[in-house]
Amino acid sequence: MYFSPPKTAATTRNRGYAVPSQDDRSEYNPSGNAAEAAPATSNSALASRFNQMFPVLSPAEIDRVRRFGEVRRFPAGGLLFQAGEAVAGTYVILSGRVGIVPRDVLGKPVPVAAFAQLIGAPIEEMSEVVPGEVVGEISQLSGRPDLSAIDARAIDDVEAIFVPPEALRALLVAEAELGERVLRALMLRRVALIEIGFGGPVIVGGLKSPDVTRLSGFLERNGVPFRVVDPDQDPDGSALLTRFAPTPVELPLVILSDRTVLENPTKHELGRAVGLVATSFREEPYDVAVVGAGPAGLATAVYGASEGLSIVVLEAVAFGGQAGASARIENYLGFPTGVSGQALMARAFTQAQKFGAEFSLSTQVKRVDCASERIEHDPVHILELADGRRIRARAVVIATGARYRRPEIPDLARFEGRGVSYWASPVEARLCHNEDVALVGGGNSAGQAAVFLAGHARHVRLLVRRPGLASTMSRYLIDRIAASPNITLLCDTEIVELLGTPDHGLGSVRWRNRRTGVEEQVALGHLFLFTGADPATSCLTECGVPLDQNGFIRTGTDVSSTERVPLPLETGIEGIFAVGDVRCGSVKRVGAAIGEGAAVVAQLHTFFARRGLTPAGMVAGQAAV
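Basis of the calculations
- Residues numbered from 1 in each chain as written.
- Predicted model: local features only at pLDDT ≥ 70, side-chain atom pairs only at ≥ 80, totals over all residues.
- Heavy atoms only, no water.
- Buried < 20%, exposed > 50% of the residue type's maximum accessible area, 1.4 Å probe, protein only.
- Helix = DSSP H or I, 4+ residues; strand = E, 2+ residues; numbered from the N terminus.
- Arc of directions from axis to C-beta.
- Contact = heavy atoms within 4.5 Å.
- 1 Å grid on protein atoms, 1.4 Å probe; cavity = no way out; pocket = protein on both sides within 12 Å on 5 of 7 lines; lining within 4 Å.
- Points joined across faces, edges and corners; volume = space filled by probe spheres on them.
- Nonpolar A, V, L, I, M, F, W, Y, C, P; charged D, E, K, R; others polar.
- Pairing = 2+ DSSP bridges.
- Axes fitted to C-alpha atoms, helices over the stretch in contact; angles between N-to-C directions.
- Core = buried A, V, L, I, M, F, W, Y, C linked by side-chain atoms within 4.5 Å.
- Phe/Tyr/Trp six-rings, centres within 6.5 Å; stacked < 30°, edge-to-face > 60°.
- Lys NZ or Arg CZ within 6 Å of the ring centre and 35° of its normal.
- Parallel < 35°, antiparallel > 145°, perpendicular 65-115°, else oblique.
- Salt bridge = Lys/Arg side-chain N within 4 Å of Asp/Glu carboxyl O.

Peer 1: Even after reading the chapter, I still don't get helix H2 (residues 59-66), so can you show me in this structure?
Peer 2: Side chains that are three or four residues apart share a direction in an α-helix, a result of its 3.6 residues per turn. Residues of H2 that are buried include every one of Glu61, Ile62 and Val65, and no others. On an axial view of H2, the arc spanned by its buried residues comes to 100°, and they lie on one face. Residues of H2 that are buried sit in contact with strand S3 (90-95), strand S7 (158-163), helix H4 (165-174) and helix H5 (176-196).

Peer 1: Just checking my understanding: could you explain the environment of Pro165 for this structure?
Peer 2: You can see Pro165 is positioned in helix H4. Sequence separation between Pro165 and Leu141 is 24 residues, and the spatial gap between their C-alpha atoms is 5.6 Å. If we skip the residues at most four places from it in the chain, Pro165 touches Ala88, Gly89, Gln140 and Gly143.

Peer 1: Explain empty space enclosed by the protein here, please?
Peer 2: A water-sized probe rolled over the atoms picks out the places where empty space is left. Counted under the stated rule, the structure contains three cavities of 30 Å³ or more. Empty space within the second largest cavity amounts to approximately 60 Å³. Lining the second largest cavity, in full, are Val65, Thr90, Val92, Val134, Val163, Leu168, Leu171 and Val182. When the residues that make up the lining of the second largest cavity are grouped by side-chain class, the tally is seven nonpolar, one polar and no charged.

Peer 1: Please explain the sheet that holds strand S6 (residues 150-154) as it appears in this structure.
Peer 2: Sheets are built from strands paired through backbone hydrogen bonds, the pairs being either parallel or antiparallel. The strand order across the open sheet formed by three strands is S2-S6-S4, and the pairing between neighbours is antiparallel. Whereas interior strands pair on both sides, the edge strands pair on one side only; in this sheet they are strand S2 (79-81) and strand S4 (98-102). Mean inter-strand twist for the sheet, computed between neighbouring axes without regard to direction, equals 25°. Here S4 pairs with S6 via five bridges, running antiparallel. What sits directly across from Ile100, in S6, is Ala152.

Peer 1: I keep staring at the nonpolar core and nothing clicks. Help me out?
Peer 2: When a protein is soluble and globular, its nonpolar side chains tend to lie buried together. Membership of the largest hydrophobic core comes to 54 residues, with the highest contact counts inside it found for Leu270, Val288, Ile311, Phe359, Val397, Leu604 and Phe608. Sorting the residues of this core by element identifies helix H6 (210-221), strand S12 (286-291), helix H9 (295-306), strand S13 (311-314), helix H11 (341-354), strand S17 (390-398) and helix H16 (590-611) as the ones contributing at least two each. With eight residues, H16 is the largest single contributor of residues to this core. Beyond its immediate sequence surroundings of up to four residues, Phe608 is in contact with Asp287, Val288, Leu309, Arg394, Ala395, Leu613 and Pro615.

Peer 1: Help me understand the sheet that holds strand S5 (residues 134-135), please; the structure alone is not making it clear to me.
Peer 2: The four strands lie next to each other as S1-S7-S3-S5, forming an open sheet whose pairing is antiparallel. Here the strands that pair on one side only, and so sit at the sheet edges, are strand S1 (70-74) and S5. The pairing of S3 with S7 spans five bridges and is antiparallel. Across the sheet, Tyr91 pairs through a bridge with Phe162, a residue of S7.

Peer 1: Quick question: what am I supposed to make of the packing of aromatic side chains here?
Peer 2: Counted under the stated rule, the structure contains seven aromatic pairs. Between the aromatic rings of Phe74 and Tyr91, the centroid separation amounts to 5.8 Å while the plane-to-plane angle is 75°, which identifies the pairing as edge-to-face. Remark: Tyr91 occurs in strand S3 and Phe74 occurs in strand S1; sequence separation between them is 17 residues. An aromatic cluster of at least three residues, connected via ring pairs, comprises Phe74, Tyr91 and Phe162. Over the ring of Phe162 we find Arg72; its NZ or CZ atom is 3.7 Å from the centre of that ring. Above the ring of Tyr286, the side-chain terminus of Arg282 is found at 5.1 Å from the ring centroid.

Peer 1: How do you make sense of the packing of H4 against H5 when you look at a structure like this?
Peer 2: The description of two helices packed together rests on the angle between their axes and the distance between the axes. The N-to-C vectors of H4 and H5 enclose an angle of 125°; their axes lie 6 Å apart at closest approach. The orientation of H4 with respect to H5, classified from their angle, is oblique. Listed contacts from H5 to Leu168, Leu171, Leu172, Val173 and Ala174 of H4 are Ala176, Leu178, Gly179, Val182, Leu183 and Leu186. Partitioned by chemical class, the residues of the contact of H4 with H5 number ten nonpolar, one polar and no charged.

Peer 1: What is the right way to look at the pattern of salt bridges in this model?
Peer 2: Pairing between side chains of opposite charge can happen when their charged atoms approach one another. Within the structure shown, the criterion is met by 35 salt bridges. Notably, a salt bridge pairs Glu494 with Arg465, separated by 2.6 Å at the nearest N-O pair. Of the two residues, Glu494 is situated in strand S23 (residues 493-501) and Arg465 in the loop between strand S21 (459-463) and helix H15 (475-483); the sequence distance between them amounts to 29 residues. Across the pair Arg515 and Asp492 runs a salt bridge whose closest N-O atoms are separated by 3.0 Å. Highlighted residues: Arg515 in the loop between strand S24 (505-513) and strand S25 (519-523) and Asp492 in the loop between strand S22 (487-490) and S23, separated in sequence by 23 residues. Within this structure, Arg465, Glu494, Glu497, Arg510, Arg512, Arg514 and Glu519 form a network of salt bridges that share partners.

See below:
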């Protein structure tokens, strides 16, 4: 997604893409009155942010960019890119003016004044292009860029450096200071798009529909901009239904920038449509396949890719795992004021892509074949995906983590997605605004969720089966819960019944005090479950990897083997490693998972050395040099 930057009070330089002259403006502003939308007021914080979002490169920096791209020329009226189409790379403008036409999901141009207001930019300050302006977005790193929601047309002759995705990654690594400025700009642009909900899919359906919640949560956790339109409350929703669904269909609909329409898609179908699912993989074996993109898997990807390993990361749902769903992590080293799990994991995701790691999200590994295929004494493991595709890798790192356990509650499945949730994201927080909610669990994740929800819900009841929280939760969270006026802690308490209807979902919850036997029924429509964790090892059921009595993966000295001595993070199958929460004996903390993900990279090098193998990624790097 691309849009034009404004000038702000903090700078007098002209910045951004040219707003067409009045003679050219009819296409950009059908109303003919650009002044109708009042511009947002600039302030120093906004000025600082926009300056970072849209840096202007110096002539010296432009010269450094030239070796990573090629100069392209566009005559007046020519398109650099078009709404509804994927953009092949990033541009650095050298000369000329470029008109930007934002388009809505119907393909109609959005008035420049309205779009300027949307992004908080005074229209009169969006004047002309400056040589050195970078035109790009963070999805370029993956090589599978998003569909553009904007036309970029040359107003007069334009000259620009075109940098393809692989060259952009090389620039970010080779030119550290320049790369930092460019990468920060691309990241901030994505944040802005998410905040304003522009440029991504439009979901048409009821705001409290379980399927709308399911799809919204999926897009939000994967950092995809989107917007929800309720046809019963928003005239735009009715117009979209008239245009795209003239006959009755099952809501919600998902409408993409190229006007493709998906009818109540699965997460995998939606992920494939928005480019989260890789459409192809390399034919030759990867050095490492990482299964799971939580903190441990992302750390393996970052450290491994930065050291030259060819890495593919396969994640069944969204990057970040359970950590990515944490509203605020305050005990992670180096963040004294705390950091949201989504922000921390999104940075790691971008960092891994910067170094060349490949990702396929919403991609389930159905089976790992540990009976290594041998090609000239080169052991290769086979990973079978749920969609039928197969990936080959010399080593496999299992970083699938653990999944919250489903407690034994009657009719629980009937209310999942209809009032019962297993994480508390901003999507759920909006749904329970000023309502009563209950949350079950006594660990740090439960505590973080309770504190987060307390900022949105009217009243949060925290239910735990134990006599207290001291043995399972960090002290700072216990103190914060005690200090929150709208959180009530109910110890020695368990849920015995859920009540509601299929149409309206959860209506009330009955729980029992385990010491006294007294039961209480409370009307509420939202229940959050953070109860224990089961290891996610279903892909290994036919592999023979040794597990402990609770199903966690044994590694290192915990593996009983007379044939060889496994490396500390290696399983009983040579070349198969396990890190993070899925591993037996691991410390269930974000920092510990990241540490294991980093440590396993050194052991991967040892594994390759024992086999007398040179990682394919390093061979490719040497050839490039």
